[in-house]
Amino acid sequence: MKKYKALKNHEMSLMEKEHMEIVRKMAAECMVLLENDGVLPLTVSGGNIALYGNGARRTVKGGTGSGDVNSRTVINIEHGLEKAGFNITTKSWLDNFDKIVASAKEAYLKELDKLSESTGISATMLSMFDYPFREPQVPLITKEDVDKSDTDTAIYVIGRISGEGKDRCCQEGDYLLYANEIENIKFISEKYKKCIVLLNTGGVIDTKALKSIRGINAIMYVGQAGNITGLAVADALLGITAPSGKLADTWALDYWDYPSSKSFSLNDDNDDDEYYTEGIYVGYRYFDTFNVTPSYCFGYGKSYTEFEIKTIDITADSDVISLTVKVTNTGNRYSGKEVVQVYYSAPKGDIEKPYQELAAFAKTKLLAPGESQVLVIEYKLTSMASYSEKKAAWIMEAGEYLIRVGNSSRNTRVEGVIVINRDLIISKHENLFRSDLPFEISSKGKQPYSYPTQEHEKKSAKRIIVDVTNINTEKIVYKREKPIYCNKSNDRKFTMDDVMAGNISLEDLVAQLTVEEMANLCVGSKRGEKEEQSIIGNASNIVPGAAGDTTSLLSSDRKIPNMIMADGPAGLRLNPHFITDADGNLLSGGEVFGEFRLESESNEEISDDAVHYYQYCTALPVASLLASSWDMDLIEKAGDLVGKEMLQFGVTLWLAPGMNIHRNPLCGRNFEYYSEDPLFTGMCASAITKGVQKHPGIGTTIKHFAANNQENNRFYSNSHVSERALREIYLKGFEIAVKTSQPMAVMSSYNLLNGVHTANSYELLTSLLRDEWGFKGLVMTDWFATHNTDFLTGKKERKYPASSSPLCIKAGNDLIMPGGQKDVDEIIRAVYKEEGEGTYKITLEELQYCALNILRIILQSSCYENAKPYIEQFGELPWVIRVNN
Ligand code: BGC
């Protein structure tokens, strides 16, 4: 009889209730107040409210695809406001929109069927990835609607959704506002005394149109806050929880201001090759260096109160820069939290430098009016280094490093000048990722952003000359050779139980595994059945809805248990309800795919003694909103919450966090990722990993490694990126997460990087990840990376092929997920192949290496009852930003 950990009781569990409360508080804090003339917080809870907009009732809790979470309910904004005591007096407008959506959906479903027939892709897959439902234009608000609403306060919610498999577009109804939305907001801003606009989006949308409307009193980016979005929004509007978020991205005045916009994804009709010609100038690094004024800058966010930020002292030595900053709530009515942001401007030298880069940050506690808090923020001096391709080294060039302190990237003061008298080579590497980029933009001769008092600030700032003579250059050693493990005993079959008992080492076990056994171990649980079935669905029989598991083929002979993996990043993605027969055999149905929830077997087939199980998980704020909290403790708490649900339902590896850089706002999965800034992204991923991994035997899977910044043609697109941009922007976050939190796993991405599939890149997965960064966990592919994906994408002419399973093993991509018999066979053939015969030969030691990486994690995992928190097994973490308060 199978052991399901799901609950048999349909009632809301104590944990579910508790988690909703935690998330409610968390989510409201993440929200970013973009504009407010004093209309917020609303001072009375109760009375009439005119509520409009597509996100009012059809509130978006999170994005689609594998990043979706099947929570029990979603509390929309309408409901949230009602729960807070408001009376919504525009129900007829909302009802009317519902009707419009219903008929649009009917038409969509017909279209979907046709498309499914013509492409051969199942309707469920199409609705989830390539062809999701897009909301229609909202109806115009009439004078009658306004008269009927009988209030002076209107709230307009703009909702947008996106997800895996498809990028967003710079069109009305997506990045741009629909004409009717603009008309409506203009209209209500004239008709109501108070007009509040809420942005229920997974990331950036156009704000130029909004800014041109005079009568808007407040704009709040409420993001997609999970299943309690409505409650959190009401709390934030009322100031019950002070919204204290700051933008984790630059919101441009015009979409085309982003340097990648011209060629991003299909903007240039080419989604085969993506040339990252903007180099390191991503996000504010571009806007500041090229002096382009954004609509809202990186780090921006207002509060219901005002703060004073005073730098009390700044000290520096060759190890650490330390800032003591006092923050005071100078308002007299409301409490609030402020984020202190520290940026540095490195000196110009041989290497081009952006105007400024984020160095560290810290958020205060909730400060009452008049209350102060002193924060001590520390970061490593050498984290201000740049990567020189010429020298293949991280270096700090001699000169003045300006230290800027403030509460957004464009509201800082120069508080310190750190002087380094000679060029410093911090670490020597090999250039691992040569690109064929035709050019990269340069800031030479460009005037960066500046402000009137900057020169004066520089002169009066504390100047510290740092003696760097004791900094030694680290030289990276790449371990090109792999050991081979030889079988020590043929007398009996070793098992994992022997390893657990301490009788043999893992290496002894690996040495005895046959090539066939290892090939099976290095491929996930799928064997031969239809591939569709394991896409974000029923890959695991024990935890239905989990995305996959490692093989159970070696469980009887070798006592190797299988590990269950489930998606995120906005919580756990599982089937909310499933049924088994009395013997514990899982009945079909229960999967949730986009617009569809697959029904369980018909009632007649479900006998009376069938058992119903429930796995309701908490939908967290999406990653892009969590990041806006700028609160690493809060993000760690989110991880802790996920960890508890993983243990509850029997999941070992969480397929999250996603940590690709927001290179362009149209990436369909930006809501799953944190930010345009690599340091910030790395810190967020590290915090959530710590939250998860404090629990015994479970861990995170940081993904998608790397340069996976677009969704169109995601399996076969080739990102051309320079070594410097990779190391400073696209890989940096992963580096920070690995070095500071040792995630249990890494997921390689679908795309190619400079012509090589990341899943097949030895340089990426072994030289960089393990040799340079010291990663100790396992690496897996993204789903079906080694397969023909016609069943998902339709048959298409493709410039690049899929990645290869033997090359995965060669590269140190230990586990092919979810895999299939084809992968097992190919690996076996590649080992037995003679050198020179055919292209892909893998050695026994290469296969042993991957098998060992997988077994090492299984051994420490929650598959065993006595597992310890994974993180405890590693020593001192090398990279810390310390915040004392
Ligand atoms: C996604 C991954 C996800 C996996 C398993 C893939 O389509 O790209 O992020 O973890 O499916 O569901």
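The structure presented is a predicted model; accordingly, all values stated were derived computationally and were not measured.

**Student:** In this structure, what is going on with the pattern of salt bridges? I would like to understand it.
**Tutor:** In a structure, side chains of opposite charge can pair up when their charged atoms sit close to one another. This structure, assessed with the given rule, holds 53 salt bridges. Notably, a salt bridge pairs arginine 410 with aspartate 288, separated by 2.9 Å at the nearest N-O pair. Linking arginine 410 in the loop between β17 (399-408) and β18 (411-420) with aspartate 288 in helix α10 (residues 284-289), this pair joins segments that are 122 residues apart in sequence. Each member of the pair, arginine 410 as well as aspartate 288, carries the same accessibility label: buried. With a closest N to O distance of 3.4 Å, lysine 703 and aspartate 567 form a salt bridge. With lysine 703 in strand β29 (residues 699-705) and aspartate 567 in strand β23 (residues 564-567), this residue pair connects regions lying 136 residues apart in the sequence. Per residue, the accessibility class of lysine 703 equals that of aspartate 567, and both read buried. What you see here is one network of salt bridges that share partners, running through Arg57, Glu78, Glu82, Lys91, Asp95 and Asp98.

**Student:** Hey, could you run me through the sheet that holds strand β15 (residues 386-388) in this one?
**Tutor:** Strand pairing within a sheet occurs via backbone hydrogen bonds; the two strands may be parallel or antiparallel. With mixed pairing, the four strands of this open sheet are ordered in space as β15-β16-β19-β21. The sheet terminates laterally at β15 and β21 (474-475), the two strands that pair on one side only. Bridging between strand β19 (residues 424-428) and β21 involves two bridges; their strand directions are parallel. Residue pairing for β21: lysine 428 is matched across the bridge by lysine 475. Taken strand by strand, helix α18 (residues 723-730) contacts β15 and β16 (393-396), and its axis lies near 160° from that of β15.

**Student:** For this particular structure, what's the right way to read the site of the ligand?
**Tutor:** The environment of the ligand is made up of 14 residues, and the closest members are Glu164, Asp567, Arg669, His704 and Asp782. Between aspartate 567 and the ligand, the recorded distance is 2.3 Å, taken from a side-chain N or O atom to an oxygen atom. At 3.1 Å, a side-chain N or O of tyrosine 750 approaches an oxygen atom of the ligand. Here the ligand has 310 Å² of accessible area as a free molecule, and 100% of this is covered by the chains. The class makeup of the residues in the shell around the ligand is six nonpolar, two polar and six charged.

**Student:** Explain the domain arrangement of the protein chain to me, please; I cannot follow it from the model alone.
**Tutor:** Put simply, an interface is often sized by how much accessible area is lost when its parts join up. Parsing the protein chain into structural domains produces domain 1 (32-90 + 138-243), domain 2 (284-475), domain 3 (497-575 + 619-785 + 800-875) and domain 4 (577-614). A separation of 37 Å is found between the C-alpha centroids of domain 1 and domain 4.

**Student:** What is the right way to look at the packing of helix α17 (residues 678-693) against helix α19 (residues 732-741) in this model?
**Tutor:** Packed helix pairs are specified by the crossing angle of their axes together with the interaxial distance, meaning the distance between the axes. For the pair α17 and α19, the least separation of the axes is 7 Å and the interaxial angle reads 35°. As α17 packs across α19, the resulting crossing turns out to be right-handed. Contacts between α17 and α19 involve Pro678, Leu679, Gly682, Met683, Ala685, Ser686, Thr689, Lys690 and Gln693 from the first element and Lys732, Gly733, Ile736, Ala737, Thr740 and Ser741 from the second. Considered class by class, the residues forming the contact of α17 with α19 number six nonpolar, seven polar and two charged.

**Student:** For this particular structure, what's the right way to read the sheet that holds strand β10 (residues 307-316)?
**Tutor:** Read across the sheet, four strands follow the order β10-β11-β14-β35 without closing on themselves; strand pairing throughout is antiparallel. Either end of the sheet is taken by a strand with one partner, and the two such strands are β10 and β35 (882-884). Neighbouring strand axes in the sheet, compared pairwise and without regard to direction, differ in orientation by 20° on average. Bridge count between strand β14 (residues 372-380) and β35: three bridges; the pairing is antiparallel. Looking at β35, one finds that glutamate 378 is bridged to arginine 882.

**Student:** Honestly, the pairing of β16 in this entry has me stumped. Any pointers?
**Tutor:** Covered by surrounding structure in β16 are Ala393 and Ile395 together with Trp394 and Met396, the residues of both alternating faces. Linking β15 to β16, which pair antiparallel, is a turn of four residues; within it alanine 392 sits at a positive phi near 50°. Pairing of β16 with β19 involves four bridges; the strand directions are antiparallel. Within the sheet, the bridge partner assigned to isoleucine 395 lies in β19 and is isoleucine 425.

**Student:** Is there a simple way to explain the environment of asparagine 813 in this structure?
**Tutor:** You can see asparagine 813 is positioned in the loop between α22 (805-811) and α23 (821-832). Placed 135 residues apart in sequence, asparagine 813 and proline 678 show a C-alpha to C-alpha distance of 24 Å. Those residues within four positions of asparagine 813 in sequence are excluded, and the remaining contacts are Ser748, Ala759, Leu765, Val779, Met780, Thr781, Cys808 and Cys850.

**Student:** What is the right way to read unusual backbone geometry from this model?
**Tutor:** Trans is the common state for peptide bonds, and a negative phi is the common state for residues other than glycine. Looking along the chain, the bond that leaves leucine 40 and enters proline 41 is cis, with omega of 0°. Mapped onto the elements, proline 41 comes out in the loop between β1 (32-36) and β2 (47-52). Note that the residue after lysine 703, namely histidine 704, is joined by a cis bond; omega there is -10°. By the secondary structure assignment, histidine 704 is in strand β29. For aspartate 150, which is not glycine, the phi dihedral falls at a positive 55°. Counting through the fold element by element, aspartate 150 comes out in the loop between α6 (143-149) and β4 (153-159). The residue serine 265 is not glycine, and still its phi comes out positive at about 45°. Relative to the helices and strands, serine 265 is located in the loop between β7 (251-252) and β8 (273-275).

**Student:** I keep staring at the UniProt feature "domain: Fibronectin type III-like" (unreviewed entry) in the protein chain and nothing clicks. Help me out?
**Tutor:** Under the UniProt annotation, the feature "domain: Fibronectin type III-like" (unreviewed entry) is placed at residues 338-409. Secondary structure content for residues 338-409 is 0% helix and 56% strand, and the end C-alpha separation is 14 Å.

**Student:** Just to check I follow, could you spell out the nonpolar core for this structure?
**Tutor:** The tendency in soluble globular proteins is for nonpolar side chains to be buried as a group. If you look at the biggest cluster of nonpolar residues, it comprises 268 residues, and the most contacted ones within it are Tyr379, Phe705 and Met780. Formed by eight residues, the second largest nonpolar core is a distinct cluster that contains Leu402, Val417, Tyr449 and Ala461.

**Student:** How should I be thinking about the state of the cysteines in this particular structure?
**Tutor:** Disulfides are covalent bonds that connect the sulfur atoms of two cysteines. With the rule as written, the count across this model stands at zero disulfides. With no disulfide partner, cysteine 169 has as its closest neighbouring cysteine sulfur the one in cysteine 170, 7.8 Å distant. The structure places no disulfide on cysteine 297, whose sulfur is separated from the nearest cysteine sulfur, that of cysteine 684, by 17 Å.

**Student:** Is there a simple way to think about the packing of aromatic side chains in this case?
**Tutor:** Geometrically, a pair of aromatic rings is defined through the distance of the ring centres and the angle of the planes. Counting across every chain of the model gives 35 aromatic pairs. A centroid spacing of 5.4 Å and a plane angle of 50° characterise the contact between tyrosine 4 and phenylalanine 578, whose relative ring orientation is tilted. Residue tyrosine 4 is located in the segment before α1 (14-30), and its partner phenylalanine 578 is located in strand β24 (residues 577-580); the two are separated by 574 residues in the primary sequence. Relative to tryptophan 251, the ring of tyrosine 221 lies with its centre 5.1 Å away and its plane at 70°, an arrangement referred to as edge-to-face. Residue tyrosine 221 is located in strand β6 (residues 218-221), and its partner tryptophan 251 is located in strand β7; the two are separated by 30 residues in the primary sequence. An aromatic cluster of three or more residues is present, and its members are Tyr175, Tyr255, Trp256, Tyr258, Tyr281, Tyr286, Phe287 and Phe290. A cation over a ring is seen here: lysine 482 above tyrosine 849, with NZ or CZ 4.5 Å from the ring centre.

Criteria and thresholds
- Residues numbered from 1 in each chain as written.
- Predicted model: local features only at pLDDT ≥ 70, side-chain atom pairs only at ≥ 80, totals over all residues.
- Heavy atoms only, no water.
- Salt bridge = Lys/Arg side-chain N within 4 Å of Asp/Glu carboxyl O.
- Helix = DSSP H or I, 4+ residues; strand = E, 2+ residues; numbered from the N terminus.
- Buried < 20%, exposed > 50% of the residue type's maximum accessible area, 1.4 Å probe, protein only.
- Pairing = 2+ DSSP bridges.
- Contact = heavy atoms within 4.5 Å.
- Axes fitted to C-alpha atoms, helices over the stretch in contact; angles between N-to-C directions.
- Near = heavy atom within 4 Å.
- Polar contact = N/O pair within 3.5 Å; in protein donor to acceptor, adjacent residues only side chain to side chain.
- Areas by Shrake-Rupley, 256 points an atom, 1.4 Å probe, with all protein chains shown as cover.
- Nonpolar A, V, L, I, M, F, W, Y, C, P; charged D, E, K, R; others polar.
- Domains from an automatic or database assignment.
- Left-handed = near helix turned anticlockwise from the far one by under 90°.
- UniProt positions renumbered as here; feature names shortened; annotations may be inferred.
- Core = buried A, V, L, I, M, F, W, Y, C linked by side-chain atoms within 4.5 Å.
- Disulfide = S-S within 2.5 Å.
- Phe/Tyr/Trp six-rings, centres within 6.5 Å; stacked < 30°, edge-to-face > 60°.
- Lys NZ or Arg CZ within 6 Å of the ring centre and 35° of its normal.

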